[in-house]
Amino acid sequence: MGKRLYGYVSKENIEYEWKSESGACEVCQGLNGTIYDSANDIPDRPHPNCKCHIEILEKDTDTTDPIEIRREKIKDRKRKELELAKLMGALKSLEQEIDEYIKRLDVQDREVEKFESTIDAAKLEQKDRQKLSEVKEKIDYAKYKGGKAKKDISILKDKIATTETIEEISRLQRELQKIKDYVKEIIENKIIENITKGITNFLAPIAAIALDSPEAYQLYRVGSPGLNNNPEYVQKNGKLYDSINDLKNTNLEREIEARLKSETGKEDCKVLKLHSDSSMAKKIESSDDFKDFLINNPNLLKPNGSLQEAKITFQKNDLYNALHGAVIKDARTDTQGNLTLTVQDLWNFNKGRTSVKGRIGEKLQNEGSLENYYIIIDIKIPKEELEKYKIK
């Protein structure tokens, strides 16, 4: 018989199992279940009349290709790396969200402290003092919870760096979800929810002084039905229309209605029209932002210059607090070089404000304690006044 060639694989894929009957002798019972690879290995019957028999079985053979095994291992490693990368990305995003949240809390904390430093606590009702104290406690607690969440994220990052198996990744994913739920809970904590209209009315004039925002305060009063929409200020500076349609200007009415609908979903609102001698008009004219606007639009400084519409952003104190979405409309310079235009805005606390003032305003607006209205401010600058700006 010749030698087997190198690499020969046997096709014999059966094995033999000894099966003993019940009541068999001790020798046969000892052989029961014994597996033999070859028929030649099966022992003779141990005694006459032996009832044992042999069962032929098909062998379990591993026919997996070694190359396929390697490929699967590579796929498993890639899957693990991908899942870990997703986890790390989610953690970094969550960490940035917490950082931004803590920054907002710091701003709110400073503003509350500024308010409190100007308050004569004796003038506040007991319930309002308690509410203000609760707001401060909530801010402190939220900052603590935010710091704790950042620590949990740091620990989870370290775990990700040493993870080896898919089972561990699944566990880390569960841990990440717990942190996400935790962060969502603290970020959605309504810190301003206990601020009352009484506290706001008390703080508003104090804040107006502390923040140098007298015009913003007057606009707040115009938007307060409980304060009769500030009739003294309105009478001195302009006129308050009860409806957009009272303007009797079809094109202007359509523009206002479109913006109101877009930002609030409402169909109508009051309109505050301030004349060119109003305190608001004078403050706008003297602001650096308005001067920059004129510098950037030199055609308005020449006779017959015009500009239909342009945004303007007021960046400081009073005008920043008063006008958040201002636009300049219908700017025209006549043949003598006199400039006329209007500054327009919708008095509205949009969602997503981060300051204490903005969030309180949004809360009171949603409760109906403040109402939206549109603002139109007439600006008239004679030629000699433009020259005082030293704009050429």
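What counts and how
- Residues numbered from 1 in each chain as written.
- Predicted model: local features only at pLDDT ≥ 70, side-chain atom pairs only at ≥ 80, totals over all residues.
- Heavy atoms only, no water.
- Helix = DSSP H or I, 4+ residues; strand = E, 2+ residues; numbered from the N terminus.
- Buried < 20%, exposed > 50% of the residue type's maximum accessible area, 1.4 Å probe, protein only.
- Areas by Shrake-Rupley, 256 points an atom, 1.4 Å probe, with all protein chains shown as cover.
- Salt bridge = Lys/Arg side-chain N within 4 Å of Asp/Glu carboxyl O.
- Core = buried A, V, L, I, M, F, W, Y, C linked by side-chain atoms within 4.5 Å.
- Contact = heavy atoms within 4.5 Å.
- pLDDT = per-residue confidence, 0-100.
- Pairing = 2+ DSSP bridges.
- Axes fitted to C-alpha atoms, helices over the stretch in contact; angles between N-to-C directions.
- Phe/Tyr/Trp six-rings, centres within 6.5 Å; stacked < 30°, edge-to-face > 60°.
- Patch = residues over 30% accessible without salt bridge, like charges linked within 9 Å, V, L, I, M, F, W, Y side chains within 5 Å.
- Lys, Arg positive; Asp, Glu negative; His and termini not counted.
- Charge placed at Lys NZ, Arg CZ, Asp CG, Glu CD.

Asks: Looking at this structure, how should I read the overall build of the protein chain?
Replies: Helices and strands together make up the secondary structure of the protein chain, namely 13 helices and nine strands. Each of the 392 residues in the protein chain was classed as buried or not, and the buried ones make up 39%. By element, 48% of the accessible surface of the protein chain is carried by carbon and sulfur atoms, the whole surface being about 24,100 Å².

Asks: Any chance you could explain the environment of Ala85 here in plain terms?
Replies: In this structure, Ala85 sits in helix H2 (residues 66-117). Using a relative accessible area of 48% as the deciding quantity, one classes Ala85 as partly exposed. For the pair Ala85 and Ile160, spaced 75 residues apart in sequence, the C-alpha separation works out to 9.1 Å.

Asks: What's the story with the pattern of salt bridges in this structure? I'm lost.
Replies: Charged atoms that come close allow side chains of opposite charge to pair. Tallying each qualifying case throughout the model produces eleven salt bridges. The closest approach of N and O atoms between Glu17 and Lys19, which form a salt bridge, is 3.4 Å. Relative accessible area serves as the criterion here: at 14%, Glu17 is assigned to the buried category. What makes Lys19 partly exposed here is its relative accessible area of 26%. In this structure, Arg259 engages Glu263 in a salt bridge whose closest nitrogen and oxygen atoms are separated by 2.8 Å. Here Arg259 and its partner Glu263 are both found in helix H8 (residues 250-264), four residues apart, which amounts to about one turn of the helix. Taking relative accessible area as the criterion, Arg259 reaches 18% and is therefore assigned buried. What you see here is one network of salt bridges that share partners, running through Glu255, Glu309 and Lys329.

Asks: I'm lost on the nonpolar core in this one. Help?
Replies: Buried together is how nonpolar side chains tend to be arranged in soluble globular proteins. Counting residues in hydrophobic clusters, the biggest one holds 40 residues, and the most contacted among them are Met280, Ile284, Phe290, Leu323, Val343 and Ile377. For Ile284, the contacting residues outside a window of four places in its chain are Phe290, Phe314, Leu319, Leu323, Val343, Ile377 and Ile379. Grouped together as the second largest cluster of nonpolar side chains are 16 residues, Ala90, Leu91, Leu176 and Ile179 included.

Asks: Sorry if this is basic, but what is going on with the confidence of the model for the protein chain here?
Replies: Do not read the fine detail of predicted coordinates wherever pLDDT is low. Overall, the predicted model of the protein chain reaches an average pLDDT of 78, with 74% of residues at or above 70. Mean pLDDT across the elements of the protein chain bottoms out in helix H5 (residues 197-210) (59) and peaks in strand S5 (residues 270-274) (97). Note that residues 1-11 has pLDDT below 50 and, in this model, zero contacts with residues that lie over four places away or in other chains.

Asks: Where do I start with the sheet that holds strand S1 (residues 14-19) in this structure?
Replies: In a beta sheet, neighbouring strands pair by backbone hydrogen bonds and run either parallel or antiparallel. Read across the open sheet, the three strands follow the order S2-S1-S3; overall the sheet is antiparallel. Each edge of the sheet is formed by a strand with only one pairing partner; in this case those strands are strand S2 (35-36) and strand S3 (53-58).

Asks: Can you help me understand the sheet that holds strand S7 (residues 327-333) in this one?
Replies: Pairing is mixed in the open sheet, where six strands are placed in the order S4-S5-S9-S8-S7-S6. With partners counted over all chains shown, the strands left at the sheet margins are strand S4 (238-241) and strand S6 (306-311), one partner each. Mean inter-strand twist for the sheet, computed between neighbouring axes without regard to direction, equals 15 degrees. In the packing of helix H6 (residues 214-222) onto the sheet, the strands contacted are S4, S5, strand S8 (339-347) and strand S9 (373-381), and the crossing angle to S9 comes to about 140 degrees. Contacts from H8 reach S7, S8 and S9, with the element oriented near 30 degrees to S8.

Asks: Is there a simple way to think about the packing of aromatic side chains in this case?
Replies: A ring pair, where both rings are aromatic, is described by two values, the distance of the centres and the angle of the planes. A complete count under the given rule lists four aromatic pairs for this structure. A ring pair is formed by Trp347 and Phe349, whose centres lie 5.2 Å apart and whose planes are at 80 degrees; its orientation type is edge-to-face. Put simply, the rings of Trp347, Phe349 and Tyr373 pair up and form one aromatic cluster.

Asks: It is not clear to me how a negative patch on the surface should be interpreted in this structure. Could you clarify?
Replies: Among the surface-exposed residues, Asp242, Asp246, Glu257 and Asp268 lie close enough to one another that they form a single negatively charged patch. Among the structural elements, Asp242 can be located in the loop between S4 and H8. Assessed through its relative accessible area of 57%, Asp242 is described here as exposed.

Asks: I'm lost on unusual backbone geometry in this one. Help?
Replies: Note on backbone geometry: most residues besides glycine have negative phi, and most peptide bonds are trans. Here Asn230, not a glycine, exhibits a phi torsion of approximately 55 degrees, which is positive. Along the chain, the position of Asn230 falls in the loop between H6 and helix H7 (231-237). The phi torsion at Asn304 lies on the positive side, around 70 degrees, for a residue other than glycine.

Asks: Can you walk me through a nonpolar patch on the surface in this structure?
Replies: There is a patch of nonpolar side chains on the surface, built from Ile14, Ile54 and Ile56 and spanning about 240 Å² of accessible area. Relative to the assigned elements, Ile56 resides in strand S3. On the basis of relative accessibility, which here comes to 57%, the residue Ile56 falls in the exposed class.

Asks: Help me understand the pairing of S1, please; the structure alone is not making it clear to me.
Replies: Look at any regular strand and the pattern is simple: side chains alternate between the two faces of the sheet. Relative to S3, S1 runs antiparallel, the two being bridged by six bridges. By the bridge assignment for S3, Lys19 is matched with His53. Here two bridges tie S1 to S2, and the two strands are oriented antiparallel to one another. Its bridge partner being in S2, Glu17 is matched across the sheet by Ile35.

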